Amino acid sequence: MGKNGKKIDVIVLNSHGVGQICHVKRLPRRGETMEATHWRVEEDGGKGATVSVALGRLGVSTGYIGKVGYDPWGDMGDQWMSESGVDTTFMYRDHSVSTGTGLIMVDEDGLNTIVDGDSACAALTWDETHAAIEAMKEAQVFITGFGMPFRKALDGAKIAKEEFGMLTLCNTSPLPSEPMGDLSYLDFIVLNDIEARVLCGLPEDSDKPYEQMLRQIRDEYHTRGVIMTCGEDGSAVLDGDEFWTVAPTPVKAVDTIGAGDGYLAAVAAGLVWGKSLKEATQWASKYAAYKVTRKGSMTRKPGMGYPELAEVEVFMEAHP
């Protein structure tokens, strides 16, 4: 259970971090101090925070698990998620770590350099993860991903599946440099088509059929299936032996940030609402199409960021 005995339907275990952006005339040289302008904090967090916020705004009872420091960046994550209805009881605070943050420097030519900080979830212990999952054991769906140390993410999925029988989804991004091993406790690996080609040992421009790629991944890692987003080409899904593709919804994209996380959240929401996986992926594809017509991810500015359910339903009616 979450706060005030509220039943949790989806658990999200992944990172929270905050991005800072500044503009410079050119990238600094070694040892140089230089002026930066338009320094700002983006209303965007790690993959755990973004998936949680997207779920919360869809009205799905969501509990977040992660670790942050006692600092303003941790406070921001708590605020952003709580404002969207996410239970942050198990956003553990730790004086020995700092909440992850990244610095993006953009030069006059529009090129950027990114310095990405460590995930504070590196300090998350197995006991803390287990206690959090056990406290929310009534959840139907468990989502994790590799925005945090991947072994800790997989530990969580193993607990959720083997001890509490939850449906487990893992976004394997970024792909780890070490072998992932047997993932039979995962129901679905979730990734994009570029990452899928990497796992299959294929060149970036490979035209190997999607179905063959997903079957290769499923057979190697022993999962129930694979969910793959394909950008403008929609998505492709393998569930057991059943394969299908979901056609994209034509829209004018203005911002693709957070679209993949929103898609994953929308799939989980559909499953909680009783949709079949095929129906959930079709609904999620339209949701993601709507998201890319809106700037930002976790911002609450009108017409921006992850949409509320009522807004999504209006879009869906217009795109049956």
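Residues numbered from 1 in each chain as written. Predicted model: local features only at pLDDT ≥ 70, side-chain atom pairs only at ≥ 80, totals over all residues. Heavy atoms only, no water.

Looking only at helices and strands, one finds nine helices and 13 strands in the chain. Computed over its C-alpha atoms, the radius of gyration of the chain comes to 19 Å, within 12% of the 20 Å expected for a compact globule of 320 residues. For the chain, the spread of C-alpha atoms along the principal axes amounts to about 60 × 45 × 45 Å. In the chain, buried positions account for 52% of the 320 residues. At a minimum sequence separation of 6, the contacts of the chain that also span at least 24 residues come to 67%. Only carbon and sulfur atoms are counted for the fraction: they give 51% of the accessible area of the chain, which is about 14500 Å². For the chain, the distance from the average position of its 31 positive side-chain charges to the average position of its 47 negative side-chain charges is 2 Å. (Helix = DSSP H or I, 4+ residues; strand = E, 2+ residues; numbered from the N terminus. Rg over C-alpha atoms; globule rule 2.2 N^0.38 Å. Buried < 20%, exposed > 50% of the residue type's maximum accessible area, 1.4 Å probe, protein only. Contact = heavy atoms within 4.5 Å. Areas by Shrake-Rupley, 256 points an atom, 1.4 Å probe, with all protein chains shown as cover. Lys, Arg positive; Asp, Glu negative; His and termini not counted. Charge placed at Lys NZ, Arg CZ, Asp CG, Glu CD.)

One can find Val51 in helix 1 (residues 47-57). For Val51, a relative accessible area of 3% translates into the label buried.

General note: in soluble globular proteins, nonpolar side chains tend to be found buried as a group. One finds Leu55, Ile143, Leu169, Ile227 and Tyr287 to be the most contacted residues of the largest nonpolar core, which totals 48 residues. Element by element, the count of residues in this core is highest for helix 7 (residues 259-272), at nine residues. Among the nonpolar cores identified, the runner-up in size contains 41 residues, and Cys170, Ala196, Leu199 and Met228 belong to it. (Core = buried A, V, L, I, M, F, W, Y, C linked by side-chain atoms within 4.5 Å.)

A complete count under the given rule lists 18 salt bridges for this structure. We note a salt bridge from Lys25 to Glu108, for which the minimum N-O separation is 3.0 Å. With Lys25 in the loop between strand 2 (17-23) and strand 3 (37-41) and Glu108 in the loop between strand 6 (100-106) and strand 7 (112-116), this pair connects stretches of sequence that are 83 residues apart. Neither residue differs from the other here; Lys25 and Glu108 are each classed as exposed. A salt bridge links Glu308 to Arg300; the shortest N-O distance between them is 3.4 Å. (Salt bridge = Lys/Arg side-chain N within 4 Å of Asp/Glu carboxyl O.)

Below, the discussion takes up the packing of aromatic side chains. The description of two aromatic rings rests on the distance between their centres and on the angle between their planes. Scanning the model with the defined rule gives five aromatic pairs in all. The rings of Trp273, Trp283 and Tyr287 are connected pair by pair, giving a single aromatic cluster. Over the face of the ring belonging to Tyr70 we find Arg93, whose NZ or CZ atom lies 5.8 Å from the ring centre. (Phe/Tyr/Trp six-rings, centres within 6.5 Å; stacked < 30°, edge-to-face > 60°. Lys NZ or Arg CZ within 6 Å of the ring centre and 35° of its normal.)

This paragraph deals with helix 8 (residues 277-291). A turn of α-helix holds 3.6 residues, and therefore any two residues three or four places apart point the same way. Relative to the 21 Å expected for 15 residues at 1.5 Å per residue, helix 8 spans 20 Å between its end C-alpha atoms, a close match to the ideal helical length. Across the 15 residues that make up helix 8, a large majority, eleven, are buried. Looking at helix 8, one finds that the buried residues are Leu277, Ala280, Thr281, Trp283, Ala284, Ser285, Tyr287, Ala288, Ala289, Tyr290 and Lys291. (Expected span 1.5 Å × (residues − 1).)

Now for the sheet that holds strand 12 (residues 235-239). Here nine strands make up an open sheet; going across it, the order is 5-4-1-8-9-10-11-12-13 and the pairing mixed. Lying at the two open borders of the sheet, with one neighbouring strand each, are strand 5 (87-94) and strand 13 (242-246). Ignoring strand direction, the axes of neighbouring strands in this sheet form an average angle of 15 degrees. Relative to strand 8 (residues 141-145), strand 1 (residues 10-13) runs parallel, the two sharing four bridges. Counted as the bridge partner of Ile11 is Phe142 from strand 8. Each of strand 1, strand 8 and strand 9 (167-171) touches helix 4 (residues 150-162); the most contacted strand, strand 8, lies at about 165 degrees to it. (Pairing = 2+ DSSP bridges. Axes fitted to C-alpha atoms, helices over the stretch in contact; angles between N-to-C directions.)

Read these as geometric descriptors, not functional statements.
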